[in-house]
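Listed here are the chains, written in short residue letters.
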Amino acid sequence: MPNMAPKKVPMPEQDPNIRNKNFKEVAEGYTPEMAIEEAKRCLNCKHKPCVNGCPVNVRIPEFIAQVAEGNFADAYKIITSTNALPAVCGRVCPQEHQCEGKCVRGIKGEPVAIGRLERFVADWYIENGTEKAEKPKSNGHKVAVIGAGPAGLSCAGSLAQKGFDVTIFEAFHTAGGVLVYGIPEFRLPKSIVAKEIDKLKDMGVKIMTNMVMGKVLSIDELMDDMGFEAVFIGSGAGLPSFMGIEGEALVGVYSANEYLTRINLMKAYKEGYDTPIDRCKNIAVVGGGNVAMDAARCAKRMGAENVYIVYRRSMEELPARAEEVHHAKEEGIIFKLLTNPVRILPDENGRVRAMECIEMKLGEPDASGRRRPVEIAGSNFELPVDSVVMSIGTSPNPLLRTTTPGLEANKRGCLVADDKMHTTREGVFAGGDAVTGAATVILAMGAGKTAADSIEEYILNK
Amino acid sequence: MFKIIKKKQLNSAVTLMEIEAPYIAKKAKAGQFIIFRVDEHGERIPLTIADSDAERGTVTIIYQAVGRSTIMLSQMNEGDSILDFVGPLGTATHLDGYKKVCVVGGGVGNAIAYPSAKALFNNGAEVDVIAGFRSKDIVILEDEFKAVCSHLYITTDDGTYGEKGFVTNKLQSLIDAGNQYDLVIAIGPIPMMKFVSKVTEPYGIKTLVSLNPIMIDGTGMCGGCRVTVGGEIKFACVDGPDFDGHQVDYDELMKRNSFYKEREHCDVDTCRMLNAKPE
């Protein structure tokens with residue numbers, strides 16, 4: 001008999017007023033008992049709507065059935081047959097729009113906590129799993145993957161499973177992409193990411209860090225001189241946008257990329273690391289996405305007294321996940337909605353003193369279908385802040401496309417790729433944010449997996 | 001890991017190192033830079049490439065120990081390895097098609113000016129070099145410069161070696177003496193580059209400066225290295241590090257570079273021009 005409780009088994013969490021002073025994980029994870037209880041809420045529907053909601057088609061009811069029986073190792077095998085990074089996905093996927101959004105239990109009450117169960121299984125395996133990932137038999141074909149973020153890691157994992165000899169080239173000194181430089185420790189512990197990457201290495205994937213492709217090696221060199229038969233580009237969307245307003249070059253204005261990279265990748269929050277960061281008192285984070293929430297919550301943990309999210313539309317249009325907004329509010333982040341920056345004002349030393357803002361109201365819907373924010377004339381006011389983090393979006397880095405003849409991009413700088421992830425260059429595939437512009441971890445992983453299938457087809461039919 | 005093949009003390013504060021980095025050595029061009037990190041706890045620090053040898057697979061860096069990371073680096077020896085070394089980053093200096101060039105270096109900036117002088121000289125340009133230092137005991141690269149230029153003029157602030165005075169005085173006198181430069185390259189402390197650009201501006205001599213703002217990744221990803229050039233925001237790591245010296249907002253750059261100065265507990269700008277009035 002399934003567990004017919006209308007609500008998910010609650011997730012244990014650190015108290016908001018304690019966690020907003022540390023970088024330990026906010027959500028502490030299910031115990032085996034909690035996981036079994038929650039797994040029993042799954043009705044094991046025949047038509048499996050949840051699986052269609054997952055970009056990498058995790059066999060959800062099957063793994064949950066194993067969890068309900070307490071067979072966690074079997075559950076793990078089922079998940080990893082289609083998903084290379086379950087401990088990551090269980091934490092950062094927007095499940096409410098994907099698997100859980102399609103769950104039949106969600107019609108009356110809350111859906112099954114698929115994300116929490118995936119995380120539980122992955123964490124359980126990291127703690128208790130005994131088998132080392134197997135190195136599949138090599139098929140002798142070499143593939144290069146550019147970028148060790150979600151798209152590249154997922155592509156590399158799928159290719160390695162198929163027996164390809166895969167080398168990942170990563171520009172930073174650590175593999176993981178946005179999982180290590182962007183998403184903070186308290187949402188995704190870096191030790192978890194490292195363990196997922198170690199599994200790929202066990203499968204035979206080679207990772208070369210400190211390699212800025214397009215500068216140190218070109219795609220032509222990879223294919224012509226180094227024997228790679230195909231290349232997958234998963235270089236993400238790392239180029240930060242600024243607003244173009246007065247005062248953005250003042251001392252104390254960061255892009256979200258810089259702010260988060262200093263804290264996460266370069267570990268400015270940790271004792272013993274040399275990375276400097278401004279310990280600000282009052283900070284405005286401009287933007288309303290998940291990245292903005294991450295930056296704001298980091299700032300609070302770094303000791304800021306007042307942390308503002310400045311967003312030009314209202315709560316309803318806020319693009320961040322509901323859970324992130326909820327956590328941010330609990331932690332004391334102040335939401336300045338329907339507010340837009342006009343300029344940033346300096347003190348006598350060229351440091352940020354305040355941000356001049358203007359109040360907005362919502363007008364008619366624009367092309368995106370959302371109501372367009374319109375300035376309310378004369379409503380300007382000064383928000384006293386000593387730091388500003390611009391978190392208004394990113395676009396793909398032009399380094400590769402400008403050094404690779406025949407690689408086409410669209411007007412927004414995104415690489416052109418067909419539905420099988422083939423770019424305009426023979427043998428070169430691309431996926432994730434480099435193609436779509438900034439999106440989610442799981443969409444990038446889905447693209448990497450699709451590309452791996454296409455690369456297999458391409459090389460074996462050559 | 002990247003092995004230190006050679007270490008040479010050029011003066012009491014300036015060190016030359018050859019690092020084994022074969023992929024970078026194959027591609028490095030004058031004007032480009034690398035980013036290094038000594039160990040897991042260190043910062044990522046950009047340094048301009050002073051020289052490279054594709055056959056030996058080495059990249060030469062010359063740096064002044066001014067902050068925590070460069071001090072840590074100078075405590076390492078031949079045979080030791082550093083954790084990270086990435087490059088070549090930035091856009092190479094465009095050095096083709098010039099007939100007569102004056103390369104102006106200030107202090108340790110001479111190390112960055114040297115590869116440009118060398119490349120220009122090898123391209124067949126007539127190269128004058130003005131190498132400025134505070135004092136005789138910190139003069140570097142004299143023999144190296146002599147091999148790649150028509151005239152080497154050394155200036156010292158205190159007159160203990162070469163001519164007494166600033167590089168700007170020498171540049172002005174060379175221009176006054178009728179030298180017609182079609183390019184001036186100025187590399188050194190920010191005030192020096194600012195004042196060299198002021199000297200050349202009235203004559204309309206194209207002037208390139210190499211900027212060294214604070215950055216993390218060096219690939220356009222953090223935006224920390226943004227500089228205002230001709231009223232527009234540029235990322236020094238990918239759009240530069242070379243820019244039109246007449247267009248750069250030096251005062252803003254100086255403020256941005258002082259961001260973490262208090263933390264470093266040391267005076268990064270050693271340029272005496274800070275206290276001097278331009279003539």
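Thresholds applied
- Residues numbered from 1 in each chain as written.
- Chains lettered and ligands numbered in written order.
- Predicted model: local features only at pLDDT ≥ 70, side-chain atom pairs only at ≥ 80, totals over all residues.
- Heavy atoms only, no water.
- Helix = DSSP H or I, 4+ residues; strand = E, 2+ residues; numbered from the N terminus.
- Rg over C-alpha atoms; globule rule 2.2 N^0.38 Å.
- Buried < 20%, exposed > 50% of the residue type's maximum accessible area, 1.4 Å probe, protein only.
- Contact = heavy atoms within 4.5 Å.
- Areas by Shrake-Rupley, 256 points an atom, 1.4 Å probe, with all protein chains shown as cover.
- Lys, Arg positive; Asp, Glu negative; His and termini not counted.
- Charge placed at Lys NZ, Arg CZ, Asp CG, Glu CD.
- UniProt positions renumbered as here; feature names shortened; annotations may be inferred.
- Axes fitted to C-alpha atoms, helices over the stretch in contact; angles between N-to-C directions.
- Parallel < 35°, antiparallel > 145°, perpendicular 65-115°, else oblique.
- Left-handed = near helix turned anticlockwise from the far one by under 90°.
- Nonpolar A, V, L, I, M, F, W, Y, C, P; charged D, E, K, R; others polar.
- Phe/Tyr/Trp six-rings, centres within 6.5 Å; stacked < 30°, edge-to-face > 60°.
- Buried area = accessible area lost by both parts, 1.4 Å probe.
- Salt bridge = Lys/Arg side-chain N within 4 Å of Asp/Glu carboxyl O.
- Expected span 1.5 Å × (residues − 1).
- Domains from an automatic or database assignment.

Draft legend 1. Up close: the overall build of chain B. If you tally the helices and strands in chain B, you get 9 helices and 16 strands. Its C-alpha atoms give chain B a radius of gyration of 18 Å, near enough to 19 Å, the size a compact globule of 279 residues would have. Taken along its principal axes, the extent of the C-alpha atoms in chain B is 50 × 40 × 35 Å. Across the 279 residues that make up chain B, the buried fraction comes to 57%. For chain B, restricting intrachain contacts to residue pairs at least 6 apart in sequence, the fraction spanning at least 24 positions comes to 65%. Per element, the accessible surface of chain B, about 11,400 Å² overall, is 48% carbon and sulfur. If the 30 positive side-chain charges of chain B are averaged to one point and the 37 negative ones to another, these points end up 1 Å apart.

Draft legend 2. The arrangement of the UniProt feature "binding site: FAD" (unreviewed entry) in chain B in detail. Residue and element names in this part refer to chain B. Residues annotated in UniProt with the feature "binding site: FAD" (unreviewed entry) correspond here to Ile62, Tyr63 and Gln64. Locating Ile62 in the fold gives a position in strand S5 (residues 58–64). A residue is classified by how much of its surface remains accessible, and Ile62, at 7% relative accessible area, is buried. As for its placement among the helices and strands, Gln64 is situated in strand S5. Taking the relative accessible area as the measure of exposure, Gln64 reaches 21% and is therefore partly exposed.

Draft legend 3. Structural view of the UniProt feature "binding site: [2Fe-2S] cluster" (unreviewed entry) in chain B. Taken from the UniProt record, the annotation "binding site: [2Fe-2S] cluster" (unreviewed entry) applies to Cys222, Cys225 and Cys237 of chain B. The named residues occupy 16 residues along the chain; their greatest pairwise C-alpha distance, 9.8 Å, places them in one compact cluster. As for its placement among the helices and strands, Cys222 of chain B is situated in the loop between strand S13 (207–210) and strand S14 (226–229). By relative accessible area, Cys222 of chain B is classed as buried at 1%. Those residues in contact with Cys222 of chain B, other than ones at most four positions away along the chain, are Pro240, Ser255, Asn257 and Glu258 of chain A together with Met215, Ile216 and Asp217 of chain B.

Draft legend 4. Structural detail: the packing of helix H13 (residues 256–263) of chain A against helix H14 (residues 290–301) of chain A. Residues and elements named next belong to chain A. Running from N to C, H13 and H14 point in directions that differ by 50 degrees, and their axes come no closer than 10 Å. As the angle between them shows, H13 and H14 are arranged oblique. In the crossing of H13 with H14, the sense of the turn from one axis to the other is left-handed. Touching Ala256, Tyr259, Leu260 and Ile263 of H13 are Val291, Asp294, Ala295, Cys298 and Ala299, all from H14. Residue classes in the contact of H13 with H14 are distributed as 8 nonpolar, no polar and 1 charged.

Draft legend 5. Fine view of the packing of aromatic side chains. Residues and elements named next belong to chain A. Across all of its chains, the model carries 12 aromatic pairs over all chains by this definition. Ring geometry for Phe72 versus Phe120: centroids 4.8 Å apart, planes at 85 degrees, classification edge-to-face. You can see Phe72 sitting in helix H5 (residues 72–80) and its partner Phe120 sitting in helix H8 (residues 114–128), a full 48 residues away along the chain. Of the two residues examined, Phe72 and Phe120, each falls in the buried class. In this structure an aromatic cluster arises from ring pairing among Phe23, Phe186 and Tyr269.

Draft legend 6. Seen up close, the interface of chain B and chain A. With 43 residues of chain B in contact, the opposing surface of chain A contributes 44 residues. When the two sides are added together, the surface that chain B and chain A hide from each other amounts to roughly 3,600 Å², 58% of it contributed by carbon and sulfur. Of all residues in chain B, Tyr23, Met221 and Phe259 of chain B give up the largest surface area on contact with chain A, accounting jointly for 20% of the area buried on that side. Remark: the boundary between chain B and chain A carries 2 salt bridges. Note that Lys27 of chain B is salt-bridged to Glu221 of chain A, the shortest N-O span being 2.5 Å. If you list the elements that add at least two residues to the side of chain B that touches chain A, you get helix H1 (22–27), helix H2 (68–74), strand S7 (84–89), S14, strand S15 (232–235), helix H8 (250–257) and helix H9 (261–264) of chain B. It is S7 of chain B that provides the largest number of residues to the side of chain B that touches chain A, a total of 6 residues.

Draft legend 7. A look at H14 of chain A. Residue and element names in this part refer to chain A. With 12 residues, H14 extends 17 Å from end C-alpha to end C-alpha; this agrees with the ideal 16 Å at 1.5 Å per step. Along H14, 10 of the 12 residues are buried, which leaves the element largely enclosed by surrounding structure. Taken from the residues just after H14, Gly303 is the one with a positive phi, measuring 105 degrees.

Draft legend 8. Spotlight on the domain arrangement of chain B. All names here are of chain B. For chain B, the assigned domains are domain 1 (2–89) and domain 2 (100–210). Taking only C-alpha atoms, the centre of domain 1 and the centre of domain 2 are 24 Å apart. The interface is formed by 11 residues belonging to domain 1 together with 13 residues belonging to domain 2. Taking both partners together, domain 1 and domain 2 bury about 970 Å²; carbon and sulfur atoms supply 62% of that area. The interface formed by domain 1 and domain 2 contains 1 salt bridge. With a closest N to O distance of 3.1 Å, Lys118 and Asp51 form a salt bridge. For the side of domain 1 that touches domain 2, the elements supplying multiple residues, two or more each, are strand S4 (45–53) and S5. The greatest single-element share of the side of domain 1 that touches domain 2, amounting to 4 residues, is contributed by S4. Looking at the side of domain 1 that touches domain 2 residue by residue, the classes come out as 7 nonpolar, 3 polar and 1 charged.

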